[in-house]
Amino acid sequence: MARRLEVALLALLSLAAWVARVSPWLRRTGVLGWAVDYDEGVYLSASALLWQGALPWRDFVFVHPPAVPALLSFATVWDVTPSRALELARWGTSLVAALDVFLAALLVRRHAGFLGACVAAGLLAVWPEVVAADRGVHLEPFLTGACLLAAWKLAADPPRPLTAGLWLGVGLLVKSWAVLWLAAWLIARGRRALPGVVVAVVVAGVVMGPLAVLVPDFLSQVVWFHLARPADGDVGFAARLSEMFVERSVLPVALLVATSWALWRRRSDPFTRLCAAVTALLVVAFLGTAAFWNQYDAHLAFPLAMLCGVGVGEASKGLPRWRAQGALGVVVAALAGVPGLLWVLDRRRDADEAQAKRVELVRRLGPGPVCAFEPHELVMADRWPPVLPGSQALVDSYGQMLLDATRGGARHGSASEAFASEAAQRTVREQLRACPRWLVGWRGRWQLNAPSRALLDPAQLVDPE
């Protein structure tokens, strides 16, 4: 009875997490009233064009692993308008995100008790970067879900390392960060992790191996692009550390410091070691990567919150069970969520009026192809990026132009420097000639150099300035 009630309370906390994510969509402006992000348009357009017969990495640049278009098929396979597909994708992603919170809480409960689970759930329910990412169509919720399912299988009695490896293989097909979970698993379990790690590598290889052979540019886009890309986003160590641990709430760090002695007592526990290793590896990777945005923290938040939960759970041993902990758990979950909840309430009316105006400009156009440097604005206006005659479709202008800029081993100090180069303009100039109408926006004005901008006839511009 106690176990069922604890699980029910954690399910309620996860439901609250889902409400926190979808609350802006319940306004008069609807699901797309919360500003749509560039990446959402890239991922969803890739999925839609795949179903239309275009192949990513060949017919358009797509610098992400192959699971992304497939996962979003639940929104793009139907005969619906692009904007409705985006709405469906947002609803589906929010459900995955809420399940992630529930699964993380259950994992902590299994290893450190109900009180610790409430701490993890309370933190994750309204963690600012997690909520922001979960309100859009981003990779982090799907990657986190795959990694948590792997951890769940490792925590089974008996452990199921091969099934865990299968889920981590799926994670590798979503985003390369899953390799850090594989490394952490080896750190936590040693040679006993090897069979599962092999399964993960085989799963990823079975899918990506044929693509690497059949599509000549696949590895250049999915692997080498990320190794050669120039610096962008927050570039300084101090700025990145602040975004990870200070900027919106210091509560997780305070909890970790306060319970560090309890975590030290659990250093022999494989789950604690796994969470600690993942957290450390993600921090090192985020400090070392060329580009960093605080959206990345949406994935880091999960091992960090689970560590907080384990620490509090261990420190609370000896408290009366279970009614006292049940009542206390609800209070602790509410307190853990206060900093994030303040952010959620402060951002509840966010809107991008300029974005809405640009979308309305595209909506007013008659039939015929329109190209954009911000694909999500086409999608919001019920258009997919067109397949262009004699050229690749423009789905990810940012990735495409940086890829062109770094081909042949060229290196640049920043993204702006890379875009200013002639190499970055090679493919986009073909597209400028092939497409009759353009929504350029701030991104196009940033990424096009002066000779490329000169190729645009004012009559082609949807948003002249």
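In what follows, the structure referred to is the one given above.
Described in the following lines is the structure provided in the data block. (Residues numbered from 1 in each chain as written. Predicted model: local features only at pLDDT ≥ 70, side-chain atom pairs only at ≥ 80, totals over all residues. Heavy atoms only, no water.)

Observations regarding the overall build of the chain
In step 1: In terms of regular secondary structure, the chain is built from 26 helices and 4 strands.
In step 2: Since a compact globule built from 465 residues should have a radius of gyration of about 23 Å, the 23 Å found for the chain is in line with a globular shape.
In step 3: Put simply, the chain has 465 residues, and 55% of those count as buried.
In step 4: Excluding contacts between residues fewer than 6 apart, the proportion of contacts in the chain whose partners are at least 24 apart in sequence is 75%.
In step 5: Element-wise, carbon and sulfur atoms account for 65% of the exposed surface of the chain, whose accessible area totals about 19400 Å².
In step 6: Each charge class in the chain was averaged separately, 44 positive and 36 negative side chains, and the resulting centres sit 9 Å apart. (Helix = DSSP H or I, 4+ residues; strand = E, 2+ residues; numbered from the N terminus. Rg over C-alpha atoms; globule rule 2.2 N^0.38 Å. Buried < 20%, exposed > 50% of the residue type's maximum accessible area, 1.4 Å probe, protein only. Contact = heavy atoms within 4.5 Å. Areas by Shrake-Rupley, 256 points an atom, 1.4 Å probe, with all protein chains shown as cover. Lys, Arg positive; Asp, Glu negative; His and termini not counted. Charge placed at Lys NZ, Arg CZ, Asp CG, Glu CD.)

Describing the side chain of His412
In step 1: Residue placement: His412 occurs in the loop between α22 (397-406) and α23 (415-420).
In step 2: Side-chain polar atoms of His412 contact the backbone oxygen of Ala405, separated by 3.1 Å.
In step 3: When near neighbours in sequence (up to four residues on either side) are disregarded, His412 contacts Pro230, Ala405, Thr406, Glu417, Ala418 and Ser421. (Polar contact = N/O pair within 3.5 Å; in protein donor to acceptor, adjacent residues only side chain to side chain.)

Quick look at the state of the cysteines
In step 1: The tally for this structure, following the rule as stated, stands at 1 disulfide.
In step 2: Left unpaired, Cys147 is separated from the closest cysteine sulfur, that of Cys275, by 11 Å.
In step 3: Residue class for Cys147 comes out buried when judged on its relative accessible area of 1%.
In step 4: No disulfide involves Cys275; its sulfur sits 10 Å from the nearest other cysteine sulfur, which is in Cys308.
In step 5: Judged by its relative accessible area of 2%, Cys275 falls in the buried class. (Disulfide = S-S within 2.5 Å.)

With respect to the packing of helix α14 (residues 251-258) against helix α17 (residues 297-315)
In step 1: The contact between α14 and α17 brings their axes to 9 Å, and the two run at 40°. Classified by the angle their axes make, α14 and α17 are oblique. Along this stretch, α14 crosses α17, giving a crossing that reads as left-handed. On the side of α14, the interface is formed by Pro252, Leu255 and Leu256, while α17 contributes Leu304, Leu307, Cys308 and Val312.
In step 2: Looking at the contact of α14 with α17, its residues break down into 7 nonpolar, no polar and no charged. (Axes fitted to C-alpha atoms, helices over the stretch in contact; angles between N-to-C directions. Parallel < 35°, antiparallel > 145°, perpendicular 65-115°, else oblique. Left-handed = near helix turned anticlockwise from the far one by under 90°. Nonpolar A, V, L, I, M, F, W, Y, C, P; charged D, E, K, R; others polar.)

Details of the packing of helix α10 (residues 178-189) against helix α16 (residues 270-288)
In step 1: For the pair α10 and α16, interaxial distance at closest approach is 8 Å and the crossing angle is 140°. Compared by their axis directions, α10 and α16 come out oblique. The way α10 lies across α16 gives a crossing that is right-handed. The residues of α16 that touch α10, namely those facing Leu180, Trp181, Ala183, Ala184, Trp185, Ile187, Ala188 and Arg189, are Pro270, Arg273, Leu274, Ala277, Val278, Leu281, Leu282 and Ala285.
In step 2: When the residues that make up the contact of α10 with α16 are grouped by side-chain class, the tally is 14 nonpolar, no polar and 2 charged.

A few points about a nonpolar patch on the surface
In step 1: The grouping of Trp51, Val77, Trp78, Val80 and Leu88 at the surface amounts to a nonpolar patch, some 480 Å² of accessible area in total.
In step 2: Note that Val77 resides in the loop between α4 (73-76) and α5 (82-112). (Patch = residues over 30% accessible without salt bridge, like charges linked within 9 Å, V, L, I, M, F, W, Y side chains within 5 Å. Salt bridge = Lys/Arg side-chain N within 4 Å of Asp/Glu carboxyl O.)

Quick word on unusual backbone geometry
In step 1: A cis amide bond links Asp157 to the next residue, Pro158, at an omega of 0°.
In step 2: Here Pro158 shows up in the loop between α8 (140-154) and α9 (161-174).
In step 3: The phi dihedral of Trp57 is positive, around 75°, even though this residue is not glycine.
In step 4: Along the chain, the position of Trp57 falls in the loop between α2 (38-51) and α3 (67-71).

Any link to function would need more than the numbers given here.
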